Amino acid sequence: MIVAAGSATGAASLVQSVDWLAIAPPVVVAVAALAVLVADLFADERRKPLLGHATVAALVVALAFLVPLRAGDRSTFCLTGDVQACSYTADHFALVIQALVLGGALLTALLSLGDTRRLPAGEFWFLLLASAAGAALLPAARDLATLVVALEVASLPAFALVGIKRGDRRSSEAALKFFLSSVVSTAVMLLGVSFVYAATGTMHLTEIAARLDDVPEQLGTLAGAGVVLTLVGFAFKTAAAPFHFWVPDTYVGAPLPIAAYLSVVGKAVGFSGLILVTVVGFPSYADVWGPALAVLAALTMTTGNVAALRQSPTRARSAVRLLAWSSVGQAGYLLVPIAAAAYSSDEQIGSTVAYALMYAVVNLGAFAVAALVARTRPGNRLDDYRGLYATRPLAALALAFFLLCLAGLPPGIIGLFAKVTVFSAAVDAGLGWLAVVMAVNVVIALYYYLRWTADLFRSPERETGDEQPPAPRPLRVPAPLTTAIALTAIAGVALSGAPQLVLRFAAVSLF
């Protein structure tokens, strides 16, 4: 129970009860993070691997707690006497994003189980769980204070995870770039949040939405500036161009599992926060953020796809760099339905959620195969994937499927349908020019996705020539890495066979 002192004159009770089941998913992960950190103090080196298994177990338990919440009708930490103004709401939007981020963290943990020999195990697992706890809290946050705190809890451990490689200059530089860009975005966002609070006198998003409709004239400029600055802050978090400059170097310098984590969970955090402040908090300023997000979407997808197109196959870590630029391009597609929501209804947000679910599965799968190839080819060049089918046929088939899903081509049916859903959202909102830009970018992306896919099945002898050393003998693949690839492949095939599992979110309101 949370008890707030009331007056002695019989005023309305200020006693609140906490719905522990509603907040169970992020709480379980946060408690597990503290438990892992304490256990690391007493565990000897032989028992350190158990910390990773405990992390996986905690994330599975947190996912299980989403099942009893599936009705999406629970809230807690509400204002006394106003059940509509709550700080934490476990609605369908929150539950879907929590499933995405916890599932992404689980797959990241599986990718990391066999790859923490050179990393401080206790700190690594603690930071991963702490970041996942913040990421799980954010989509359920319904006031600006909780939103900002959750965003920073998700982001701050990620800085350390990027730079956790000991003695690796590239990792340290990546962490520094990530840190500086994130600090700037947080400062801008906090300034915007303070302006919004000054103009409305409240932190709750539903209350802000109501009061922004009737802001006093002398506070109108302040409120407008607050809205714009808040959007700019979230543009950094979503890696929207021109605020994307930190992405390629950060992904390349980070451990591969952490790059996968940032590409999926990091994006989910940024986009869910952006959706909450625009659709829930600032609907009366749709004429401001709608066109701005439409322009950002066009610029982001074009920048990401053109840069991915220019990656040299012989450059060190060009495979990871291509996936980084590809994620920037995909961020542009994710912005389209949010922009469209300004011109129609908030049901367009479901298109972003559906696309994000597809993207999370296949992008994590692509990074999992990249982690597999990196075990024998540390350079992780695109050329290192040439002839992969000859040595690891199942991994090559899985990666080909993931790339086709990202390209939106059969048999990656879910990728095709997700892109059509986003395209339809733009057309239905009257954003025909944005739909044309998206169509052009899809064609551009086809080239580099198909080029990489074709390389998987080419003969390495015919393509590489005699001066290249022979491919290293395949090593035994750790069971957790195999499990991660298998889970993402199975999920991708299942979604392609039954795309309605995620596309149904595009036809309903999640709030």
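For the structure, see preceding data.
This structure is a prediction, so every number in the text was calculated from the model and none was measured.

### Focus on the overall build of the chain
Regarding its fold elements, the chain presents 20 helices and four strands. Taken over C-alpha atoms, the radius of gyration comes to 23 Å for the chain, in line with the 24 Å a tight globule of 511 residues would show. With the principal axes as the frame, the chain shows a C-alpha extent of 90 × 60 × 40 Å. Going through the 511 residues of the chain one by one, you find that 57% of them count as buried. Contacts in the chain between residues far apart in sequence, at least 24 positions, make up 79% of those at least 6 positions apart. When the accessible surface of the chain is summed, it comes to about 20100 Å², and 65% of that surface belongs to carbon and sulfur atoms. When the 32 positive and 29 negative side-chain charges of the chain are each reduced to one mean point, those points stand 13 Å apart.

### What to know about the state of the cysteines
Under the defined criterion, the tally for this structure stands at one disulfide. There is a disulfide in this structure between cysteine 78 and cysteine 86, and the S-S distance comes to 1.9 Å. Classification of the bridge connecting cysteine 78 and cysteine 86 rests on its S-S torsion, roughly 90°, and on that basis the disulfide is right-handed. Neither cysteine 78 nor cysteine 86 differs from the other in exposure class; each is buried.

### Considering a nonpolar patch on the surface
Where nonpolar side chains cluster on the molecular surface, the patch consists of Leu176, Phe179, Leu180 and Val183 and spans about 340 Å² of accessible area. One can find leucine 176 in helix α6 (residues 169-200). Take leucine 176: its relative accessible area is 48%, and that puts it in the partly exposed class.

### Notes on the pattern of salt bridges
Across all of its chains, the model carries twelve salt bridges by this definition. Note that glutamate 152 and lysine 237 form a salt bridge whose closest N and O atoms lie 3.7 Å from each other. With a gap of 85 residues between them, glutamate 152 in helix α5 (residues 144-162) and lysine 237 in helix α8 (residues 220-237) connect regions that are remote in the sequence. For the pair glutamate 152 and lysine 237, one class covers both residues: buried. For the salt bridge of aspartate 455 with arginine 386, the shortest nitrogen-to-oxygen distance reads 3.9 Å. Residue aspartate 455 is found in helix α17 (residues 432-456), and its partner arginine 386 is found in the loop between α13 (349-374) and α14 (388-391); the two are separated by 69 residues along the sequence.

### Topic: α5
For α5, built from 19 residues, the straight-helix expectation of 27 Å at 1.5 Å per residue is met to within 8% by its first-to-last C-alpha distance of 27 Å. At the N-terminal end of α5, a side-chain oxygen is found 3.0 Å from the backbone nitrogen of alanine 145, two or three residues along, and the residue is aspartate 143.

### What to know about the side chain of asparagine 380
You can see asparagine 380 is positioned in the loop between α13 and α14. In this structure asparagine 380 comes out as buried when scored by relative accessible area, which is 3%. Apart from the residues lying within four places of it in its own chain, the contact partners of asparagine 380 are Leu256, Arg317, Ser318, Ala319, Val320, Ala370, Ala374 and Tyr385.

### What to know about helix α3 (residues 92-113)
Every α-helical turn comprises 3.6 residues, leaving residues that sit three or four positions apart pointing alike. Look at α3: 31 Å from first C-alpha to last across 22 residues, which is about the 32 Å you get at 1.5 Å a residue. With 20 of 22 residues buried, α3 is to be regarded as a mostly interior element.

### Focus: the packing of aromatic side chains
Scanning the entire structure with this criterion turns up eleven aromatic pairs. Judged by centre distance (5.0 Å) and plane angle (20°), the rings of phenylalanine 178 and tryptophan 246 are stacked. With phenylalanine 178 in helix α6 and tryptophan 246 in the loop between α8 and α9 (247-253), this pair connects stretches of sequence that are 68 residues apart. Phenylalanine 178 gets classed as buried once you look at its relative accessible area, which sits at 7%.

### Considering the environment of leucine 219
By secondary structure assignment, the location of leucine 219 is in the loop between α7 (205-212) and α8. Judged by its relative accessible area of 25%, leucine 219 falls in the partly exposed class. Distance from leucine 219 to alanine 494, taken between C-alpha atoms, is 52 Å for residues 275 residues apart in sequence. Excluding residues within four positions of it along the chain, leucine 219 makes contact with Ala198 and Ala199.

Scoring rules and cut-offs
- Residues numbered from 1 in each chain as written.
- Predicted model: local features only at pLDDT ≥ 70, side-chain atom pairs only at ≥ 80, totals over all residues.
- Heavy atoms only, no water.
- Helix = DSSP H or I, 4+ residues; strand = E, 2+ residues; numbered from the N terminus.
- Rg over C-alpha atoms; globule rule 2.2 N^0.38 Å.
- Buried < 20%, exposed > 50% of the residue type's maximum accessible area, 1.4 Å probe, protein only.
- Contact = heavy atoms within 4.5 Å.
- Areas by Shrake-Rupley, 256 points an atom, 1.4 Å probe, with all protein chains shown as cover.
- Lys, Arg positive; Asp, Glu negative; His and termini not counted.
- Charge placed at Lys NZ, Arg CZ, Asp CG, Glu CD.
- Disulfide = S-S within 2.5 Å.
- Patch = residues over 30% accessible without salt bridge, like charges linked within 9 Å, V, L, I, M, F, W, Y side chains within 5 Å.
- Salt bridge = Lys/Arg side-chain N within 4 Å of Asp/Glu carboxyl O.
- Expected span 1.5 Å × (residues − 1).
- Polar contact = N/O pair within 3.5 Å; in protein donor to acceptor, adjacent residues only side chain to side chain.
- Phe/Tyr/Trp six-rings, centres within 6.5 Å; stacked < 30°, edge-to-face > 60°.

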